[in-house]
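Chain by chain, the residues:
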Amino acid sequence: DQQVKQNSPSLSVQEGRISILNCDYTNSMFDYFLWYKKYPAEGPTFLISISSIKDKNEDGRFTVFLNKSAKHLSLHIVPSQPGDSAVYFCAATLESGTYKYIFGTGTRLKVLA
Amino acid sequence: SAVISQKPSRDICQRGTSLTIQCQVDSQVTMMFWYRQQPGQSLTLIATANQGSEATYESGFVIDKFPISRPNLTFSTLTVSNLSPEDSSIYLCSVGGRQGWETGELFFGEGSRLTVL
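Computed from a predicted model, the values in this text were never measured in an experiment.

**Q** I'd like to hear about the side chain of Ser74(A), residue by residue, with values.
**A** Assignment of secondary structure puts Ser74(A) in strand S8 (residues 72-77). Only 3.4 Å separates the side chain of Ser74(A) from the side chain of His76(A), close enough to count as a polar contact.

**Q** Mind laying out the pairing of strand S7 (residues 62-67) of chain A, listing which residues take part and the relevant values?
**A** Across a regular strand the side chains alternate sides, sitting on one face of the sheet and then on the other. Residues and elements named next belong to chain A. As defined by bridge partners, strand S6 (residues 56-59) adjoins S7 across four bridges and the pair is classed as antiparallel. Looking at S7, one finds that Lys56 is bridged to Phe65. Connecting S7 to the antiparallel partner S8 that follows it, the hairpin turn spans four residues, and Lys71 within it adopts a positive phi of roughly 50°.

**Q** I'd like to hear about the sheet that holds strand S3 (residues 19-25) of chain A, residue by residue, with values.
**A** Pairing in this open sheet of five strands is antiparallel, and the strands run S1-S3-S8-S7-S6 (chain A) from one edge to the other. Of all strands in the sheet, those with a lone pairing partner are strand S1 (4-5) and S6 of chain A, marking the two edges.

**Q** Go over the state of the cysteines with me, naming the residues and quoting the values.
**A** Residues and elements named next belong to chain B. All chains considered together, the criterion is met by two disulfides over all chains. Disulfide pairing is shown between Cys23 and Cys93; the S-S distance is 1.9 Å. With the S-S dihedral at roughly -65°, the linkage between Cys23 and Cys93 falls on the left-handed side. Here the residue Cys23 occupies a position in strand S3 (residues 19-25), and Cys93 occupies one in strand S9 (residues 89-96), the gap between them amounting to 70 residues. Each member of the pair Cys23 and Cys93 is classed as buried. Free of any disulfide, Cys13 has its nearest cysteine sulfur in Cys23, 18 Å distant.

Cut-off values and rules
Residues numbered from 1 in each chain as written. Chains lettered and ligands numbered in written order. Predicted model: local features only at pLDDT ≥ 70, side-chain atom pairs only at ≥ 80, totals over all residues. Heavy atoms only, no water. Helix = DSSP H or I, 4+ residues; strand = E, 2+ residues; numbered from the N terminus. Polar contact = N/O pair within 3.5 Å; in protein donor to acceptor, adjacent residues only side chain to side chain. Pairing = 2+ DSSP bridges. Disulfide = S-S within 2.5 Å. Buried < 20%, exposed > 50% of the residue type's maximum accessible area, 1.4 Å probe, protein only.

And the structure:
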């Protein structure tokens, strides 16, 4: 039972354009969400988070949107750069203070120069 | 973010042996965790490493197979025992709860890639 799903295993985007990575979840009780980026042979790098009380959080080129009614969150990267090419994971937790996260299976983003 | 160092970064082990992975953090952290990423899969939480007490294991993971130590607030080890090829994965140490971090952020080491022959 995959509670956090990333239905697109891969995505290709032209440099300078917007990358939109999607994540769906099944448990409406999740209260905190994270996005990570992972390069080969490295650990996941924290990118951005959002609490369930918000619907948007922005940090530089990265914006996360949360649609609670649809149980959907998305990560927007604008403008996309070749260095953004990596695997992106979304993660969710029922209680942020526990740090117990359920991760999606990841989306491999390739930004074409 | 914290600097989280894992050793070894990779290893190849024989079936039936054990491997111990070390995780060192550059500052004291409240919460330390061990995750596994099997090939092509998402990250799965193995256990929470509790300082001064036994680790708390998630469903499907047991202490006999994955003994964990956490002697202080900056160090933990994960042992993968009685290895089989199904244990071939990346094992990741992660931390949370460092003072000054926004609540909920979880940070990872670079991972230890285990291959079992």
